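# Coordinate analysis (summary)
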Amino acid sequence: MSAFGIHIPNGLICVFDPEVNKRAALDQLVKAINEAGAVEDVEALARAVHERESIMSTGIGQGIAIPHVRMEGIVEPTVAVGISADGLDFDTLDNEPVQVVVLFAMPAGSQKEYLGLLAQVMKALKDTNFRDQLTECTTREQAAAILNAD
């Protein structure tokens, strides 16, 4: 089984340029989800992600952010992963830069599935070696190999 409990295709992985900011990073992840065909209305998804972030940062500390939305128009549970070697200012609880962003786009009513995926993601990201391997990736192919390793 993959690190996050689901296969993460290369197209759902973004390796951010050093100058990218939080908003642009989230927009890149939303775009990846749209290009994967997982959302019916990409503008609605972008609005939902940014609105959720404006209420409270999803930067949970230790270099991790987990933005998430559950809404109508998400075709299937989808997880996009962003990596920033330099770290992003994400208004985190610990005021540290974020190096790994995991965006959950979940269908409305998928609370149980969301919590199961979230548990898998948190378990994997708790492993410092795993996080270090991810943040050292310079291509989406390298990151996919780590995320999807059995």
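As the structure is a prediction and not an experimental result, all values here were calculated from the model.

## Details of the packing of aromatic side chains
Applying the stated rule across the entire model yields two aromatic pairs. Arranged with centres 6.1 Å apart and planes meeting at 65 degrees, the rings of Phe-4 and Phe-130 form a pair that is edge-to-face. Taken together, the positions of Phe-4 in the segment before β1 (13-15) and Phe-130 in helix α4 (residues 128-135) put the pair 126 residues apart, joining distant regions of the chain. The two residues Phe-4 and Phe-130 agree in class, both being buried. Note on Phe-104 and Tyr-114: the rings are 5.3 Å apart at their centroids and 85 degrees apart in plane angle, and the pair reads as edge-to-face.

## Some points on the pairing of strand β5 (residues 78-88)
Counting buried residues along β5, nine of its eleven residues qualify, which places the element largely inside the surrounding structure. With three bridges connecting them, β1 and β5 associate as parallel partners. By the bridge assignment for β5, Cys-14 is matched with Gly-82. As defined by bridge partners, β5 adjoins strand β6 (residues 98-107) across seven bridges and the pair is classed as antiparallel. Paired with Thr-78 across the strands is Ala-105, a residue of β6.

## Some points on the packing of helix α1 (residues 22-35) against helix α2 (residues 42-55)
The relative placement of two packed helices comes down to the angle between their axes together with the axis-to-axis distance. One way to put it is that α1 packs onto α2 with a least axis distance of 10 Å and a crossing angle of 145 degrees. Seen from above, α1 lies across α2 with right-handed handedness. Contacts between α1 and α2 involve Lys-22, Arg-23, Leu-26, Asp-27, Val-30, Ile-33 and Asn-34 from the former and Val-42, Leu-45, Ala-46, Val-49, His-50 and Glu-53 from the latter. Of the residues assigned to the contact of α1 with α2, the class counts are seven nonpolar, two polar and four charged.

## Observations concerning the side chain of Lys-22
Looking at the element boundaries, Lys-22 is found in helix α1. Excluding its chain neighbours within four sequence positions, the residues that come into contact with Lys-22 are Glu-53, Ser-57, Asp-89, Phe-90 and Asp-91.

## As for α2
An ideal rise of 1.5 Å per residue puts 20 Å on 14 residues; α2 measures up with 20 Å between its terminal C-alpha atoms. Among all positions in α2, only Ala-44, Leu-45, Ala-46, Ala-48, Val-49, His-50 and Glu-53 are buried. Against the buried residues of α2 lie α1, β2 (59-61), β4 (68-71) and β6.

## A look at the pattern of salt bridges
For the structure on display, the rule yields three salt bridges. Between Glu-53 and Lys-22 there is a salt bridge whose closest N-O contact spans 3.2 Å. Of this pair, Glu-53 sits in helix α2 while Lys-22 sits in helix α1, placing them 31 residues apart in sequence. Lys-22 is the salt-bridge partner of Asp-91, the closest N and O atoms lying 3.9 Å from each other. Linking Asp-91 in the loop between β5 and β6 with Lys-22 in helix α1, this pair joins segments that are 69 residues apart in sequence. Note on Asp-91: relative accessible area 54%, which makes it exposed. Given a relative accessible area of 15%, Lys-22 falls into the buried group. Overlapping salt bridges, with partners in common, bring together Lys-22, Glu-53 and Asp-91 in one network.

The rules behind these values
Residues numbered from 1 in each chain as written. Predicted model: local features only at pLDDT ≥ 70, side-chain atom pairs only at ≥ 80, totals over all residues. Heavy atoms only, no water. Phe/Tyr/Trp six-rings, centres within 6.5 Å; stacked < 30°, edge-to-face > 60°. Helix = DSSP H or I, 4+ residues; strand = E, 2+ residues; numbered from the N terminus. Buried < 20%, exposed > 50% of the residue type's maximum accessible area, 1.4 Å probe, protein only. Pairing = 2+ DSSP bridges. Axes fitted to C-alpha atoms, helices over the stretch in contact; angles between N-to-C directions. Left-handed = near helix turned anticlockwise from the far one by under 90°. Contact = heavy atoms within 4.5 Å. Nonpolar A, V, L, I, M, F, W, Y, C, P; charged D, E, K, R; others polar. Expected span 1.5 Å × (residues − 1). Salt bridge = Lys/Arg side-chain N within 4 Å of Asp/Glu carboxyl O.

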